[in-house]
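One-letter residues, chain by chain:
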Amino acid sequence: MYKEYRDVTINGAVSQMYSEMAGRHRAQPGTIQIINTAVLKASECKRDHVLEMHNSSLKYPVIRKIPMVSKKMRTTFKARRPMTFVR
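Everything in this summary refers to the structure shown in the same document. (Residues numbered from 1 in each chain as written. Predicted model: local features only at pLDDT ≥ 70, side-chain atom pairs only at ≥ 80, totals over all residues. Heavy atoms only, no water.)

Along the backbone of the protein there are two helices and zero strands. Here the C-alpha atoms of the protein give a radius of gyration of 21 Å, more than 25% beyond the 12 Å that 2.2 N^0.38 yields for 87 residues. When its C-alpha atoms are laid out on the principal axes, the protein stretches across 60 × 35 × 20 Å. Going through the 87 residues of the protein one by one, you find that 11% of them count as buried. Long-range pairs, those at least 24 residues apart, make up 33% of the contacts in the protein with a sequence separation of at least 6. Just so you have it, the protein exposes about 8700 Å², and 56% of that area is on carbon and sulfur atoms. When the 17 basic and 6 acidic side-chain charges of the protein are each reduced to a single mean position, those positions are 21 Å apart. (Helix = DSSP H or I, 4+ residues; strand = E, 2+ residues; numbered from the N terminus. Rg over C-alpha atoms; globule rule 2.2 N^0.38 Å. Buried < 20%, exposed > 50% of the residue type's maximum accessible area, 1.4 Å probe, protein only. Contact = heavy atoms within 4.5 Å. Areas by Shrake-Rupley, 256 points an atom, 1.4 Å probe, with all protein chains shown as cover. Lys, Arg positive; Asp, Glu negative; His and termini not counted. Charge placed at Lys NZ, Arg CZ, Asp CG, Glu CD.)

What follows is the structure, encoded as structure tokens:
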């Protein structure tokens, strides 16, 4: 079986593989045999879910943008919880 994962490290990609195999195939970690791991160049990738991330003009929306408090209003400790919901 051939699998491709996007991750910063090989250890992260292996843990993604273990999670996917446990979720989709109910495979136990002791029954999985990893034969080879490699870092691929962009031209060597085969899977569609990896190829669609190669576009350099990808943009993601900014979620929950909280305005900064002015410097004179900032303190180290607050007596109330912060308001994270912005209308």
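So much for the structure itself; the text now carries on.
Taking 1.5 Å of rise per residue, 16 residues should cover 22 Å, and helix H1 (residues 10-25) covers 22 Å from first to last C-alpha, within 8% of that figure. Buried within H1 are the following residues: Gly12, Ala13, Met17, Glu20 and Met21. Its side-chain oxygen 3.0 Å from the backbone nitrogen of Gly12, Thr9 forms the N-cap of H1. (Expected span 1.5 Å × (residues − 1). Polar contact = N/O pair within 3.5 Å; in protein donor to acceptor, adjacent residues only side chain to side chain.)

The next subject is the packing of aromatic side chains. Here the distance between the centres and the angle between the planes together describe a pair of aromatic rings. Going through the model one piece at a time under the given rule, you end up with zero aromatic pairs. The residue whose ring lies beneath Lys46 is Tyr2, and the NZ or CZ to ring-centre distance is 4.7 Å. (Phe/Tyr/Trp six-rings, centres within 6.5 Å; stacked < 30°, edge-to-face > 60°. Lys NZ or Arg CZ within 6 Å of the ring centre and 35° of its normal.)

Further remarks concern the pattern of salt bridges. Charged atoms that come close allow side chains of opposite charge to pair. This model, assessed by the stated rule, comprises two salt bridges. For Glu20, the salt bridge identified is with Lys3, shortest N-O distance 3.2 Å. Remark: Lys3 occurs in the segment before H1 and Glu20 occurs in helix H1; sequence separation between them is 17 residues. A relative accessible area of 18% places Glu20 in the buried class. Between Glu20 and Arg24 there is a salt bridge whose closest N-O contact spans 3.5 Å. Residue Glu20 and its partner Arg24 are located together in helix H1, separated by four residues, close to a single helical turn. Taken together, the shared-partner salt bridges connect Lys3, Glu20 and Arg24 into one network. (Salt bridge = Lys/Arg side-chain N within 4 Å of Asp/Glu carboxyl O.)

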